[in-house]
Structure formats: structure tokens, C-alpha cells
Amino acid sequence: MPFVSTIDEATLKTAREELNEDPARRDADLQMLRDWLKTQPHLQSRTDDEFLIRFLRRSKFSMLLSQELLDRYWTERSKNPMWFSNLDPQEPIIKEMALLGCSLPLPGYDTLGRKIIFMRTGPRDPAKHPLDPMMKLGFMNTEIMLKDEKCQVNGFVGVGDFEGFGLAHVTEMSPAVMSRSMRCFQVSFGTTTTGSLKRAPSD
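Every chain is numbered on its own, with residues counted from 1 as its sequence reads. For a predicted model such as this one, the threshold for reporting local features is a pLDDT of at least 70, and the threshold for listing and counting side-chain atom pairs is 80 or more; totals across whole chains, interfaces and linings nevertheless cover every residue. With hydrogens and water excluded, all non-hydrogen atoms of the structure serve as input to the side-chain values.

This next bit is on the overall build of the chain. A run of DSSP states H or I qualifies as a helix once it reaches four residues; a run of E qualifies as a strand once it reaches two. Both are numbered from the N-terminal end. Regarding its fold elements, the chain presents 10 helices and 4 strands. The order of helices and strands in the chain, counted from the N terminus, is α-α-α-α-α-α-β-β-α-α-β-α-α-β. The globule rule is 2.2 Å times the number of residues to the power 0.38, and the radius of gyration it is compared with is taken over C-alpha atoms. Against the globule reference of 17 Å for 203 residues, the chain gives a C-alpha radius of gyration of 18 Å, in line with a compact fold. The dimensions of the chain, computed from C-alpha atoms along their principal axes, are 55 × 40 × 30 Å. Only protein chains enter the accessibility calculation, which uses a 1.4 Å probe; a residue whose area is less than 20% of its type maximum is buried, one above 50% is exposed, and one in between is partly exposed. For the chain, the residues scored as buried account for 44% of the 203 residues in total. By sequence separation, contacts in the chain at least 24 residues apart represent 75% of the contacts at least 6 residues apart. All accessibility values rest on the Shrake-Rupley procedure with a 1.4 Å probe; residue burial counts only the protein chains present in the view. Here the chain has roughly 10,800 Å² of accessible surface; of this, 59% comes from carbon and sulfur atoms. Taking the average location of the 27 positive side-chain charges in the chain and that of its 28 negative ones, the two points are 2 Å from each other. Contacts are assigned to residue pairs with any non-hydrogen atoms lying within 4.5 Å of each other. The sign given to each residue is positive for Lys and Arg and negative for Asp and Glu; His and the chain ends receive no count. By convention, the charge on Lys lies at NZ, on Arg at CZ, on Asp at CG and on Glu at CD.

In C-alpha cells:
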């Protein structure tokens, strides 16, 4: 069955001009990527159009880069089970941090058609709410946002409120953790982050 896109004409224009998306060729590209996955038994990947299209868009429809992104996506999930296993939004600690606004996708879009994710670090007490569940919440929200085709094309912007951010928050975020998390978000998730806004902590 042909892939049926839900994006509006303005977003489709962006996809054509900036991501090299050709609706006449799109189904063939999806099938080519699906056929490649069949030759990669180590990748137990989803093969539905809705999942694969985001990797094609992230790579500007470069088949080689799409394959690389898919491989990295599943590799990072297997290397970081503390962030990608048991993804249950009803888990008590996940629900608590969601209610604190640690990671919250906002409804609608900004004036550039981007999704907005709002993040608050200060209300989270690292002694009570460790880093790993917060990262897990962030990755779950990213997956939800990427179901939105408009987000796949236009990307998203992060808005961070660092009021109450202190030493305990700094010390848990080592350079290794920062590097790993950025790799997961920017490379393996096949997503485009097009901006960020931050509110600095007050004195």
C-alpha cells in the first residue's frame, strides 16, 4: 500500500526543497530501505512506512545515510538499556517527573512549524529522581513527537527553564553522559533539533 503523507502543502514544499523528498519516488525509497533491513539480521527493526520515513527525511533521502542512522538507532538502544528498556509512562517515577515538567512536549507548533519541548531541571531533586528515569522520559517524548510528520520535516525547538539548577544537577551529568545522550537524540533518533532557548538560573 502506498505511503499516505499527512503533511500540509507548506510542509511538503519544505520537504521537497530542503530534504530532497520526491512524492513520486518516496514509495520506492521506502521499499529500498525495507529491503536493506532484510539483509541485516542483527537489526530487529520496525519496517513500517511511518517509522522508516523519518530516517529518510533526516538523511535528506540519502539511502546510505538512512541505513547508517537506522543502524545507530538500534545500536544505541541496545547499548543504553537504562534509557530504552521498560518504556512505561505509567511507571511511578516517570509519572512524577512528567508532572514536575522535566520534559513536556507542548501542543501546536511555533511560527516556523516546529514542535516545542519544554524542560525544567530545577524542580527535580537528583537524590529522589535520578538522571536515568529523566532521560528515559525525554526519549519517550521524542518518540511521541516523531510520530508527527511535520516535526520530522521542520524539527523541534527545546525551551529550558534552569531555575533551581544546582551543583547536584551538574555533577550527575558527566561529559560521558552528555556525549551519549546527545548522540542518541541527534544521531540515532533521526531527528532534527533546530534551536534551543534557555532561561538561566537566577542568583
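The next thing to look at is the pairing of strand β3 (residues 156-161). For β3, the buried fraction is high: 5 of the 6 residues fall into the buried class. By the bridge criterion, 6 bridges tie strand β2 (residues 115-120) to β3 in an arrangement that is parallel. Looking at the pairing, Phe 118 lines up with Val 159 of β3. Two strands are said to pair when DSSP picks up at least two bridges between them.

Here strand β1 (residues 104-105) runs beside β2; their pairing, made up of 2 bridges, is antiparallel. The residue of β2 that forms the bridge with Leu 104 is Phe 118.

Below, the discussion takes up helix α3 (residues 49-58). Within α3, 8 of the 10 residues are buried, which leaves it mostly tucked inside the rest of the structure. When α3 is considered as a whole, its buried residues turn out to be Asp 49, Phe 51, Leu 52, Ile 53, Arg 54, Phe 55, Leu 56 and Arg 57. After α3 finishes, the residue Lys 60 shows a positive phi value of roughly 55°.

This part covers unusual backbone geometry. The backbone phi angle of Phe 61 is positive, close to 60°, even though this residue is not glycine. Examined against the element boundaries, Phe 61 turns out to sit in the loop between α3 and α4 (63-79). Classification of Phe 61 by relative accessible area gives buried; the value is 9%. The phi torsion at Asn 86 lies on the positive side, around 50°, for a residue other than glycine. For Asn 86, the position within the fold is in the loop between α5 (81-84) and α6 (92-99).

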